[in-house]
Amino acid sequence: YAAAVGEPTDDGKAPLHLAIQAGRVNWHEDLEPLVTPDPTVLHYPDPETGLYPCQLMALQHEYTQEDRNRFLYMARNQYDNDDDWNNMTPKEQTNSVYRQYQDYQFHRLTSIFELLRQDVSVIEPPPEPEIPSPEEEEEEELVIVEENEKREEDEKPGIPNLQQSHSVDDDDESETSTEYGYLANTP
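Anyway, here's the lowdown on the structure attached to this text. (Residues numbered from 1 in each chain as written. Predicted model: local features only at pLDDT ≥ 70, side-chain atom pairs only at ≥ 80, totals over all residues. Heavy atoms only, no water.)

### Side note on the overall build of the chain
Check the secondary structure of the chain and you find 7 helices and 2 strands. Taken from the N to the C terminus, the helices and strands of the chain come in the order α-α-α-α-α-α-α-β-β. The 187 residues of the chain split such that 21% are buried. Considering only contacts within the chain whose residues lie at least 6 apart along the sequence, 53% involve residues at least 24 apart. A total of about 14000 Å² of accessible surface is found on the chain, and carbon and sulfur atoms cover 51% of it. (Helix = DSSP H or I, 4+ residues; strand = E, 2+ residues; numbered from the N terminus. Buried < 20%, exposed > 50% of the residue type's maximum accessible area, 1.4 Å probe, protein only. Contact = heavy atoms within 4.5 Å. Areas by Shrake-Rupley, 256 points an atom, 1.4 Å probe, with all protein chains shown as cover.)

Written out as structure tokens, the structure is:
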């Protein structure tokens, strides 16, 4: 059983996601047994919503008739027999159901806290990107401009041009040599 807590179902949900979505909010009874054997389950986002377990637990949801019936059932089960419940006034019954709702909310908040306490890194923001200084930005732009200019020069077709170059040797006063080269920006 403990090895299965990290195994997703066919639809990619971990047992922890399913428990939270089923309204199981009691940390000690419902959720802790699903987290303790494999705490990495806290880092599994729900495939349907993309939310982590602590975020799923924190979602505010509308209470359905099924939820209200569960609170009523829990309130009635506090008493040993139906006569105790039936002898209560409607206001007392309503208050008893409301206490169950409050208890549910308490367990829900406790579970949110415990899920975060187990591993707060699931909600830590990603590291801030490094922002270059204005000097670094200018230098980077200059390098990009130079690279673009060089690329443009390399891509333009050149035409042959006869260039004269002069060099001085130790033996001769002056010697003229002819070299063939290409001028890139000549029409």
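### Digging into the pattern of salt bridges
Scanning all chains against the criterion turns up 6 salt bridges. For Glu 48, the salt bridge is made with Lys 13, and the minimal N-O distance between the two is 3.3 Å. In this pair, Glu 48 sits in the loop between helix 2 (27–35) and helix 3 (53–58) while Lys 13 sits in the segment before helix 1 (15–21), placing the two residues 35 residues apart along the sequence. A relative accessible area of 6% places Lys 13 in the buried class. The shortest N-O distance in the salt bridge between Asp 30 and Arg 24 comes to 2.9 Å. (Salt bridge = Lys/Arg side-chain N within 4 Å of Asp/Glu carboxyl O.)

### Remarks on the packing of aromatic side chains
Following the criterion strictly, the structure yields 7 aromatic pairs and no others. Ring centres 6.1 Å apart and planes at 75 degrees place the aromatic pair Tyr 63 and Tyr 104 in the edge-to-face group. In this pair, Tyr 63 is assigned in the loop between helix 3 and helix 4 (65–76) and Tyr 104 in helix 6 (residues 90–118), connecting sequence segments 41 residues apart. The exposure class of Tyr 104 is buried, given its relative accessible area of 8%. The interplanar angle of 45 degrees and the centroid separation of 6.1 Å between the aromatic rings of Tyr 79 and Trp 85 together place this pair among those described as tilted. Here the aromatic cluster, defined as three or more aromatic residues joined through ring pairs, consists of Tyr 63, Phe 71, Tyr 98, Tyr 101 and Tyr 104. (Phe/Tyr/Trp six-rings, centres within 6.5 Å; stacked < 30°, edge-to-face > 60°.)

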